[in-house]
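Fold and geometry: a report
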Amino acid sequence: MSLKGRATRFLVASLVFTGIAVTLRHWGALQAKPILKNRPATSVKPTPKNNFGASPKPIASKGDPVLAGAGDIAKCDAKEDTLTAQILNKIPGTIFTMGDNVYPRGTTEEFQTCYDPAWGPLKARTFPSPGNHDYYSPNAAPYYAYFGAKAGPAGKGYYSYDLGQWHIVSLNSNIDAQKGSEQERWLRADLAAHPKACTLAYWHHPVFSSGVHGNDPKMKDIWQTLADLKADVVVNGHDHHYERFAPQTAEGKADPRGLREFVVGTGGAELRDIMAT
């Protein structure tokens, strides 16, 4: 499906989607006012219980709905996460993350001391997904505690919401996602129950990437399910660069009816070169 003519606009870290036009936003265009952040202590404080209730609702904004976000975000010894937060703070709408929300181990202290000073002001309108660094803490407990109900059910971490004419799905690439898994079966039922004209899904590990980590097949069955049910766009992080693919199948074959994938690991962690084309 062509994205042209759809009202919803998308900003992903340092770029803006309006239809199929893309405008890049660069950190260097900002006068940085970095927030001073202390390194977290090594001891881990008890994490509060996550009480998951009804599916969260996105924050309304004036005009066309806007979806904004990035993956691979906060580090205590870096200022780039502050710069991306400055970009997002100027744009109304719903924020999303594509995992690795805080480095290096996703602890309670790191969320409080590294993530919260930079992206914390955006928390009320943020709909996250988890990455492998979030899961370096057992069961990603600090991640689920920090974001609460907006992170989806603790231990599962997948959920969906509607934004304008789009259905948005946040998935978890750190747990079982094979065909027939609980997550895959949930996704199939969710998409069948929400027959929107356009669907976007986001998670951490990309099926296709030209970065350091390369292609990762763990979400290949999820890709196929999205394709079977006529989804349109996939957005991922993990590799620290920006990349856009032409529509393709789960096997990586060009197909105008396939999914278009964006890799946007540009939320604040150090950027890396593209390794393969």
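Source: prediction; values computed, not measured.

1. As for the packing of aromatic side chains
Going through the model one piece at a time under the given rule, you end up with 15 aromatic pairs. An angle of 55° between the planes, with centres 5.9 Å apart, marks the rings of F111 and Y115 as tilted. With a gap of four residues between them, F111 and Y115 both fall in helix α2 (residues 108-119), about one helical turn apart. Exposure class is identical for F111 and Y115. Each is buried.

2. Let's talk about the sheet that holds strand β12 (residues 260-264)
Within the open sheet, the six strands sit side by side as β7-β8-β9-β10-β12-β11. Their pairing is mixed. The open sheet has two edge strands with one neighbour each: β7 (159-163) and β11 (242-244). Sheet twist, expressed as the mean angle between neighbouring strand axes with direction ignored, is 15°. In the sheet, strand β8 (residues 166-170) pairs with strand β9 (residues 198-202) via five bridges, with the strands oriented parallel. By the bridge assignment, H167 is partnered in β9 with T199. On the sheet, helix α4 (residues 182-193) packs against β7, β8 and β9 and is oriented at approximately 170° with respect to β8.

3. Observations regarding the confidence of the model for the protein chain
Taken residue by residue, the protein chain gives an average pLDDT of 81. The fraction at 70 or more is 77%. Taken together, the stretch residues 1-8 has pLDDT below 50 and engages in 21 contacts with residues farther than four places along the chain or on a different chain. Low confidence marks residues 13-56, where pLDDT is under 50. Its contacts with residues over four positions away, or in another chain, come to 109 contacts.

4. Remarks on the pattern of salt bridges
Summed over the entire model, instances satisfying the criterion amount to six salt bridges. Ionic pairing is found between R188 and E184, a salt bridge with its closest N-O pair at 3.2 Å. Here R188 pairs with E184, and both are found in helix α4, just four residues apart, close to one helical turn. In this structure R188 comes out as partly exposed when scored by relative accessible area, which is 33%. Of the residues examined, E184 reaches a relative accessible area of 3% and is grouped as buried. Residue D228 is joined to R188 by a salt bridge in which the shortest nitrogen-to-oxygen separation is 3.8 Å. Taken as a pair, D228 in helix α5 (residues 220-228) and R188 in helix α4 lie far apart in primary sequence, 40 residues in all. One network of salt bridges, with partners in common, ties together E184, R188 and D228.

5. As for the pairing of strand β4 (residues 66-70)
In terms of burial, β4 is largely enclosed, as five of its five residues are buried. The alternating pattern of β4 places V66, A68 and A70 and L67 and G69 on opposite faces, both of which are buried. This β-α-β element, β4 to helix α1 (residues 80-89) to strand β5 (residues 94-97), shows right-handed connectivity.

Scoring rules and cut-offs
Residues numbered from 1 in each chain as written. Predicted model: local features only at pLDDT ≥ 70, side-chain atom pairs only at ≥ 80, totals over all residues. Heavy atoms only, no water. Phe/Tyr/Trp six-rings, centres within 6.5 Å; stacked < 30°, edge-to-face > 60°. Helix = DSSP H or I, 4+ residues; strand = E, 2+ residues; numbered from the N terminus. Buried < 20%, exposed > 50% of the residue type's maximum accessible area, 1.4 Å probe, protein only. Pairing = 2+ DSSP bridges. Axes fitted to C-alpha atoms, helices over the stretch in contact; angles between N-to-C directions. Contact = heavy atoms within 4.5 Å. pLDDT = per-residue confidence, 0-100. Salt bridge = Lys/Arg side-chain N within 4 Å of Asp/Glu carboxyl O. Right-handed = clockwise from strand over helix to strand, strands pointing away.

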